[in-house]
Amino acid sequence: ELIDKYVKADIARAEVFADKLGADVFSGSQAEVDAFVDKFNKDNNLTDDKKYSSDGLGSIITDKSGKDTIIINKDAARQTQRFTTGQHEILHAILKKSLKNNDAITIKLGQELKSYLDKMSTKDLYLKDGKGNFIRDKNGQKIANSDFINRFNQYAKKVKEGTYSEAALFEEVFTLASEAMVN
C-alpha cells in the first residue's frame with residue numbers, strides 16, 4: 001500500500017541520520033510502542049513525573065547513559081497520513097547536540113524563527129499543486145491559519161498546563177517548520 005511505502009521511507013531516512021548521530025530508531029504499532037516505552041521507563045527507573053509517554057506520532061527519548069532513541073508510531077503515521085515524524089525527531093536530536101540543552105539559546109532562536117514565520121503568508125511561498133508543479137497561492141492564506149500554528153498551539157497549551165517547558169516549545173518551532181516545508 002502507498003501509505004506503508006511513505007511510512008517505511010520516513011523510518012529509513014530517520015535510521016540513516018540516527019546512525020550518524022549515535023542514536024537508535026524504534027518503530028512499531030501503537031501496542032509495540034506502548035510496550036517499548038513502558039519497558040524503557042522501567043529499565044531506566046523513571047519516576048511518574050519523568051516517564052516518557054507513548055502517545056502521539058513519535059518522540060525522542062534518552063536513556064540513563066545519555067543515548068537517544070527515536071520512536072516512530074506507524075499506526076499514528078498511517079492514521080494521520082503524516083510521514084515526517086522521523087524528520088521531526090531527528091531534528092530534535094540535532095538541536096539537542098548543537099544547542100547542548102541551552103534553554104536560553106533555544107528559546108531565543110525559536111522566538112526569532114516564530115516571529116519571522118508569523119509575518120509570512122503563503123502568497124510569499126511557492127507551493128506545489130496536485131501534479132507536483134510549483135504554483136503561487138493567490139489567496140495568501142496566513143501562516144497563522146496553518147497546520148504549523150495549530151500544532152504549535154497544542155504545545156503552547158502544554159506549557160500553560162505545566163507539562164512542557166518553554167525551551168521545548170520553542171524547539172518545536174524548528175521541527176514543525178521543517179515538517180511544514182514538506183507537508
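Just so it is clear, the model here is predicted, and its values are computed rather than measured. (Residues numbered from 1 in each chain as written. Predicted model: local features only at pLDDT ≥ 70, side-chain atom pairs only at ≥ 80, totals over all residues. Heavy atoms only, no water.)

A. The arrangement of the pattern of salt bridges in detail. With the rule as written, the count across this model stands at 10 salt bridges. Across the pair Arg78 and Asp4 runs a salt bridge whose closest N-O atoms are separated by 2.5 Å. With a gap of 74 residues between them, Arg78 in helix H3 (residues 74–80) and Asp4 in helix H1 (residues 2–21) connect regions that are remote in the sequence. According to the relative accessible area criterion, Arg78 is partly exposed, its value standing at 32%. Note that Arg78 is salt-bridged to Asp75, the shortest N-O span being 3.2 Å. Taken together, the positions of Arg78 and Asp75, both in helix H3 and three residues apart, correspond to about one turn of that helix. Each of the salt bridges in this network shares a partner with another, and the network as a whole consists of Asp4, Asp75 and Arg78. (Salt bridge = Lys/Arg side-chain N within 4 Å of Asp/Glu carboxyl O. Helix = DSSP H or I, 4+ residues; strand = E, 2+ residues; numbered from the N terminus. Buried < 20%, exposed > 50% of the residue type's maximum accessible area, 1.4 Å probe, protein only.)

B. Expanded view of the sheet that holds strand S1 (residues 24–28). One open sheet holds the three strands; their spatial order is S1-S3-S2, and the pairing between them is mixed. At either end of the open sheet lies a strand with only one pairing partner, and these are S1 and strand S2 (58–62). Here the strands of the sheet are splayed against their neighbours by 20° on average, with no regard to which way each runs. Alignment of S2 against strand S3 (residues 68–73), held across five bridges, turns out to be antiparallel. Among the inter-strand pairings, Ile61 is bridged to a residue of S3, identified as Thr69. Here H1 sits on the sheet and contacts S1 and S3; the angle it forms with S1, its principal contact strand, is near 165°. Sheet strands in contact with helix H2 (residues 30–43) are S1, S2 and S3, and its direction is about 155° off that of S3. (Pairing = 2+ DSSP bridges. Axes fitted to C-alpha atoms, helices over the stretch in contact; angles between N-to-C directions. Contact = heavy atoms within 4.5 Å.)

C. Summary view of the pairing of S3. Counting buried residues along S3, six of its six residues qualify, which places the element largely inside the surrounding structure. The side-chain alternation of S3 yields two buried faces, one formed by Asp68, Ile70 and Ile72 and the other by Thr69, Ile71 and Asn73. Pairing geometry for S1 and S3, over five bridges, is parallel. Directly across from Ser27, in S3, lies its bridge partner Ile72.

D. Focus on empty space enclosed by the protein. Here the structure, examined in full by the defined rule, presents one cavity of 30 Å³ or more. The space that makes up the largest cavity amounts to roughly 30 Å³. In this structure, the largest cavity is lined by Val33, Val37, Ser53, Ser54, Asp55, Gly56, Leu57, Gly58, Ser59, Ile71 and Asn73. Of all the secondary-structure elements, those providing two or more residues to the lining of the largest cavity are H2, S2 and S3. (1 Å grid on protein atoms, 1.4 Å probe; cavity = no way out; pocket = protein on both sides within 12 Å on 5 of 7 lines; lining within 4 Å. Points joined across faces, edges and corners; volume = space filled by probe spheres on them.)

E. Fine view of H2. The terminal C-alpha atoms of H2, which comprises 14 residues, lie 20 Å apart, in line with the 20 Å expected from a rise of 1.5 Å per residue. Those residues of H2 that sit buried are Val33, Val37, Phe40 and Asn41. Seen along its axis, H2 keeps its buried residues to an arc of 95°; they face one direction. Of the residues in H2, the exposed ones pointing more than 90 degrees away from the buried face are Ala31, Lys39 and Lys42. Among the structural elements, S1, S2 and S3 are those in contact with the buried residues of H2. Two residues or fewer past H2, Asn45 is found with a positive phi of approximately 50°. (Expected span 1.5 Å × (residues − 1). Arc of directions from axis to C-beta.)

F. Up close: the packing of H1 against helix H4 (residues 85–99). In contact at an axis separation of 8 Å, H1 and H4 are set at 15° when each is read in the N-to-C sense. The pairing of H1 with H4 is recorded here as roughly parallel in orientation. Remark: the crossing between H1 and H4 carries left-handed chirality. From H1, Asp10, Ala14, Phe17, Ala18 and Leu21 reach across to H4, where they touch Thr85, Gly86, Gln87, Ile90, Ala93, Ile94 and Lys97. Considered class by class, the residues forming the contact of H1 with H4 number seven nonpolar, three polar and two charged. (Parallel < 35°, antiparallel > 145°, perpendicular 65-115°, else oblique. Left-handed = near helix turned anticlockwise from the far one by under 90°. Nonpolar A, V, L, I, M, F, W, Y, C, P; charged D, E, K, R; others polar.)

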